[in-house]
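Examination of the molecular architecture
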Amino acid sequence: YHAKRNGLHFSFFDIDMDRQAADRVNLENDLRHALATKQFQLAYQPKVDVGQRRIIGAEALIRWRHPERGAVSPAVFIPVAERAGLIGAIDDWVLSEACSQIGRWRERGLDLPAISVNISPAQFHDGRLTDKVRAGLDTSGLDPTMLELEITETMMASDVDRAIEILGQLTAMGVKVSLDDFGTGYSSLAYLKLFPVSTLKIDRTFVDDLPDDVKDGAIISSIIALAENLGFAVIAEGVETPAQARFLRERGCTAMQGFLFSRPLDGEQFARLLETGIDVLESFGP
Ligand code: C2E
Ligand code: MG
Ligand code: MG
Ligand code: MG
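All values derive from a computational prediction rather than experimental measurement.

What counts, and where the lines are drawn
Residues numbered from 1 in each chain as written. Chains lettered and ligands numbered in written order. Predicted model: local features only at pLDDT ≥ 70, side-chain atom pairs only at ≥ 80, totals over all residues. Heavy atoms only, no water. Helix = DSSP H or I, 4+ residues; strand = E, 2+ residues; numbered from the N terminus. Rg over C-alpha atoms; globule rule 2.2 N^0.38 Å. Buried < 20%, exposed > 50% of the residue type's maximum accessible area, 1.4 Å probe, protein only. Contact = heavy atoms within 4.5 Å. Areas by Shrake-Rupley, 256 points an atom, 1.4 Å probe, with all protein chains shown as cover. Lys, Arg positive; Asp, Glu negative; His and termini not counted. Charge placed at Lys NZ, Arg CZ, Asp CG, Glu CD. Patch = residues over 30% accessible without salt bridge, like charges linked within 9 Å, V, L, I, M, F, W, Y side chains within 5 Å. Salt bridge = Lys/Arg side-chain N within 4 Å of Asp/Glu carboxyl O. Axes fitted to C-alpha atoms, helices over the stretch in contact; angles between N-to-C directions. Parallel < 35°, antiparallel > 145°, perpendicular 65-115°, else oblique. Left-handed = near helix turned anticlockwise from the far one by under 90°. Donors = N, O, S within 2.8 Å, 3.2 Å for Na, K, Ca; no water. Core = buried A, V, L, I, M, F, W, Y, C linked by side-chain atoms within 4.5 Å. Nonpolar A, V, L, I, M, F, W, Y, C, P; charged D, E, K, R; others polar. Polar contact = N/O pair within 3.5 Å; in protein donor to acceptor, adjacent residues only side chain to side chain.

Focus: the overall build of the chain
For the chain, the count of helices and strands is 13 helices and 9 strands. What you see for the chain is a C-alpha radius of gyration of 21 Å, in line with the 19 Å of a compact globule of 286 residues. Along the three orthogonal principal directions, the C-alpha set of the chain runs to about 70 × 50 × 40 Å. Per-residue burial for the chain yields a buried fraction of 45% across its 286 residues. Partitioning the contacts of the chain with sequence separation of at least 6, the portion at a separation of at least 24 is 66%. Roughly 14,400 Å² of accessible area belongs to the chain as shown, and the carbon and sulfur atoms make up 52% of that amount. Treating the 30 positive side-chain charges of the chain as one cloud and the 42 negative ones as another, the clouds have centres 3 Å apart.

Comments concerning a negative patch on the surface
Judged by side-chain charge, Asp 208, Asp 209, Asp 212 and Glu 240 come together as a negatively charged surface patch. One can find Asp 208 in the loop between α10 (204-207) and α11 (214-230).

Some thoughts on the packing of helix α4 (residues 87-107) against helix α6 (residues 129-140)
As a packed pair, α4 and α6 sit with axes 9 Å apart at the nearest point and diverge in direction by 30 degrees. Classed by the angle they form, the pair α4 and α6 counts as roughly parallel. Classified by chirality, the crossing of α6 by α4 is right-handed. Packed against α4, whose contacting residues are Asp 92, Leu 95, Cys 99 and Ser 100, the element α6 presents Lys 132, Val 133, Gly 136, Leu 137 and Ser 140 at the interface.

Topic: the coordination of the magnesium ion (ligand 2)
Around the magnesium ion (ligand 2), the donor atoms from the protein are Glu 59 (OE), Asn 118 (OD1), Glu 150 (OE) and Asp 180 (OD), and they sit 2.0 to 2.2 Å away. Separating the magnesium ion (ligand 2) from the magnesium ion (ligand 3) is a distance of 3.9 Å, and Asp 180 supplies a donor atom to each of them. In this pair, Asn 118 sits in strand β4 (residues 114-118) while Glu 150 sits in strand β5 (residues 147-152), placing the two residues 32 residues apart along the sequence. Residue Asn 118 is classed as partly exposed on the basis of its relative accessible area, which comes to 27%. Residue Glu 150 is classed as buried on the basis of its relative accessible area of 1%.

Let's talk about the nonpolar core
In terms of nonpolar packing, the biggest core is built from 83 residues, with Phe 124, Val 133 and Phe 261 touching the most fellow members. Counting residues per element, this core draws most heavily on α4, at 8 residues. Filtering out sequence-adjacent residues up to four positions away, Phe 261 remains in contact with Val 48, Val 50, Val 239, Ala 245, Met 256, Ile 278, Val 280, Leu 281 and Phe 284.

Considerations on the side chain of Lys 201
In this fold, Lys 201 is placed in strand β7 (residues 199-202). Look past the residues within four positions of Lys 201 in its chain and what remains in contact with it is Lys 47, Glu 59, Glu 150, Leu 179, Asp 180, Asp 181, Phe 182, Ile 235, Glu 237 and Gln 257.

Quick notes on the packing of α6 against helix α8 (residues 160-173)
How two helices pack is summed up by the angle between their axes together with the distance between the axes. Contact geometry for α6 and α8: axes closest at 10 Å, N-to-C directions at 20 degrees. Considering their axes alone, α6 and α8 lie roughly parallel with respect to each other. As α6 packs across α8, the resulting crossing turns out to be right-handed. Contacts between α6 and α8 pair Leu 129, Thr 130, Val 133, Arg 134 and Leu 137 from the former with Ile 166, Gln 169, Leu 170 and Met 173 from the latter. Considered class by class, the residues forming the contact of α6 with α8 number 6 nonpolar, 2 polar and 1 charged.

Regarding the environment of Thr 199
Here Thr 199 is to be found in strand β7. Its relative accessible area of 11% is what places Thr 199 among the buried residues. Note: C-alpha distance between Thr 199 and Phe 182 (17 residues apart in sequence) is 9.7 Å. Residues within four places of Thr 199 in sequence aside, it is in contact with Val 177, Ser 178, Leu 179, Ala 233, Val 234 and Ile 235. Side-chain polar atoms of Thr 199 contact the side chain of Ser 198, separated by 3.3 Å.

Rendered as structure tokens:
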């Protein structure tokens, strides 16, 4: 039918587009069922401080185990969920599941660091984020300082005043906010000083080619200096090698997250890691 639709031209591009479109529709349909049938899980990736040699937090990352496709990356299905208007329900699930998990860990007497949750643009803008966060904390009886939200610079761009207001409400509650993927989005330094966030999270694209890439190194050093001068904490994501970690530390960034320290873990594995600690941290001197 391609030939018919395009006159006599036969195009691989169109076949490809059709397949992609069909794939997306299938994925959408499957996503609709995934929540109801409990196919989602949260994984938790530790954030560490190599100076203090301890776990200082963890990021909750959604996982989807599709009955036929197996694991589908959030980088793939989150955008699909956004376009299909399904992101709201997924976001709600993530927030409430993270709060319940923190509650379950606390019941076991674990000494927990703050747990971060990624906030989607839709969730940030729908006007109920503050209420939902408060509800999640209340239902689980959690201290707001146990929860951190990760937002991106781009979310702030469309309505800066409104964004500052939302962030103000969240931080007034005691919830911490960090700017995820920092350096890759639309960031105006003029606005940065107005954002009530606690942490800049350096995007892993700047970390990947350390220590060899001189320009990435310069960008990292600048972000670290910027954070320090504006009173933000700074953390680097995607740290995979000891050389990357050393580079970051030498330039004053001791907070890190990445496969060097741990992959994202399920709730049980993360609880055990909290008790045993992370071996590789011992290789960092005080
Ligand atoms: P992100 O928030 O920047 O999360 C960090 C991503 O980097 C995660 O991918 C994590 O597994 C990966 N990562 C961590 N350490 C390393 C490393 O050393 N090397 C490499 N190559 N990768 C590392 P993941 O879990 O596939 O998530 C991708 C993105 O999907 C996230 O980026 C975030 O934007 C989004 N996402 C994940 N979970 C959620 C969620 O619950 N809600 C929303 N709204 N978005 C989510
Ligand atoms: Mg994140
Ligand atoms: Mg990130
Ligand atoms: Mg990222």
